[in-house]
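Here's the letter readout for the chains.
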Amino acid sequence: MKFNCCLLKKRFLLLLIALGIGSALYANDELKLLTDSLRRVIDEKHVFVKEKEDRINRIKCMLKSPGLTLEGEYRINLRLYNEYKKFHIDSAIHYVDRNIEISRQLNRPYFTNQSSLHLSLLYSMCGRFREAEIILKSIKTSELPRDLLINYYQTYSSFWGHYSISVANNLYGKQQAAYQDSLFALIDHTSWDYRMSQASYYIWRDTLKSKEIFKELLEIEEVGTPNYAMITHSYSRLCHHQKKYDEEKKYLMLSAIADTRNATRENASLQSLALIAYDEQNLADAFKFTQSAIDDVISSGIHFRAIEIYKFNSIINTAYQAEQARSRSHLTTFLISTSIILFLLLLLVLFIYIQMKKTLKIKQALAQSNEELLRLNNKLNSMNSQLNDTNNQLCEINSIKEYYIAEFFDVCFSYIHKMEKYQNMLYKIAINKYYDELIKKLKSSALIDEELSALYTRFDKVFLGLYPTFVSDFNALLKDEEKIILKPDALLNRELRIYALLRLGITDSGKIANFLRCSTSTVYNYRTKMRNKAAVDRDEFENEIMKISSTQET
């Protein structure tokens, strides 16, 4: 009996071992097949790009339809935006800009807000974060319908996500999470977007719940679609968290294949696979995946991952060249040894001749690689310089905002105090029944004129406190005979105030006119007159005004 029991245990153990080995062999075969498929898909990428371009051209032909209305053009442009968004971002921006023009001609606020959100998303994808944030801040959420409000929170969440990747700082994830929370409160809980976000949310909190949702999404989603690529990419993160690294590679490959076949050039999965291949010392695949990812960055203009991939490319390229050098060295050693054994002196001389030609080719290849690496480094330095300029501009804006907020509260308290004194004076006149004097006071505009004068004087002082050299810098942009000469007791005149407001970022002539209590046409005339007086190119005059430095920059 004991013998039978031991025999059964041994058979069961052997069965488990056999099943484990079989599963491991199947997993390895599956990964090998997927790796081969991914290599083929990357080699055939130009075919999928051509298919996408043909599809886009068919949509463009619809713009030439006779009798096409502006609204019809808007909806065709919207389709082109969706096609270009992750394919060629400059083209997507072109069609969104056109839709903004159309929405204004149609006077459709819904279209205007929708296109503005699209433009902000595109700006954040291509690294123009300051412009993207300005657009988002200009949108009044209280005026947005529910669907656009959802789109607003999605765009803001994407903005912080792109920014955190671009600057390699996870601290901005808190802002992204805040907008995701607002999005969850609005979005339909049965929608794909909600289920996808929910699955990603549970990756680090409840892995079983996350896996269950991902499996449900994969069951209903068609293989190879853009959504399938997003699901498999997010599922790979869950596998990584669970330390199931083979499954992680499997789903990253499925995602990368789907993205490449759909000509989606924002291919995060390919970058992750390059890192994994590098860690596994598979330099050939790491180099191939990295080059494909860089080609996508350059072709699409989607730059928020560019810094990360360019840095990594430098490491992989160096390692790949070293590996190639080692391989060539081993081959050379083998050839020399074989030549000495088989052909002695004669083949040794021939080998030296061949080796010299190979060395020359290697030097030429290395020279080309160094030139390419230098070009990429220069481009990276240029992008870093642009990011630094953008950050400096954001710091200046924040400093000016804090300064003006403090001044705003000071002015408010001052006006409240003045109103209180004026109220007390009117009250005393009314109590003493000096009605004629009371009516005279109420009819008089002297107080308003006096307060306006005080407001402008205070604005002038505050502005010149931030930009002390504004008047001299402004005059430096004008012809000698057209320079502005202020009265002895004046800080700024009306022309200078208009351009002071422009320097603060207020470009709307209507808002400037309201502040200066004049008509919009008056503001426009002043701006036209000053451009005609410019010593620089009149079209660049206002751009030069925006470059006048503040005290914070010095």
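How each quantity is defined
Residues numbered from 1 in each chain as written. Predicted model: local features only at pLDDT ≥ 70, side-chain atom pairs only at ≥ 80, totals over all residues. Heavy atoms only, no water. Helix = DSSP H or I, 4+ residues; strand = E, 2+ residues; numbered from the N terminus. Buried < 20%, exposed > 50% of the residue type's maximum accessible area, 1.4 Å probe, protein only. Axes fitted to C-alpha atoms, helices over the stretch in contact; angles between N-to-C directions. Parallel < 35°, antiparallel > 145°, perpendicular 65-115°, else oblique. Left-handed = near helix turned anticlockwise from the far one by under 90°. Contact = heavy atoms within 4.5 Å. Nonpolar A, V, L, I, M, F, W, Y, C, P; charged D, E, K, R; others polar. pLDDT = per-residue confidence, 0-100. UniProt positions renumbered as here; feature names shortened; annotations may be inferred.

- Where an unreviewed UniProt entry is consulted, the protein chain appears under the name DUF6377 domain-containing protein, with the organism given as Bacteroides ovatus.

### What to know about unusual backbone geometry
Negative phi characterises most residues that are not glycine, and trans characterises most peptide bonds.
Next, step 1: Even without glycine at this site, Asn107 takes up a positive phi of about 55°.
Next, step 2: With respect to the secondary-structure elements, Asn107 resides in the loop between helix H4 (89-106) and helix H5 (109-125).
Next, step 3: Exposure remark for Asn107: the relative accessible area of 63% places this residue in the exposed category.

### Description of the packing of H5 against helix H6 (residues 129-138)
Next, step 1: Between H5 and H6, the least distance of the axes is 7 Å, while the angle of their chain directions is 155°. Classified by the interaxial angle, the pair formed by H5 and H6 is roughly antiparallel. Taken as a pair, H5 and H6 cross one another with a handedness that is left-handed. In this structure, H5 contributes Ser116, Leu117, Leu119, Ser120, Tyr123 and Ser124 to the contact, and H6 contributes Phe129, Glu131, Ala132, Ile135 and Leu136.
Next, step 2: Here the residues of the contact of H5 with H6 sort into 7 nonpolar, 3 polar and 1 charged.

### Details of the confidence of the model for the protein chain
Next, step 1: Across the protein chain, pLDDT averages 81, with 83% of residues at or above 70.
Next, step 2: Under a pLDDT of 50 for its full length, residues 5-10 has, in the predicted model, 0 contacts with residues more than four places off or in other chains.
Next, step 3: Contacts of residues 12-25 to residues separated by more than four positions or lying in other chains number 0 contacts, the stretch itself having pLDDT below 50.

### A few points about the UniProt feature "transmembrane region" (unreviewed entry) in the protein chain
Next, step 1: Within this structure's numbering, the places UniProt gives as "transmembrane region" (unreviewed entry) are residues 334-354.
Next, step 2: Regarding residues 334-354, the helix share stands at 95% and the strand share at 0%, and the terminal C-alpha atoms are separated by 14 Å.

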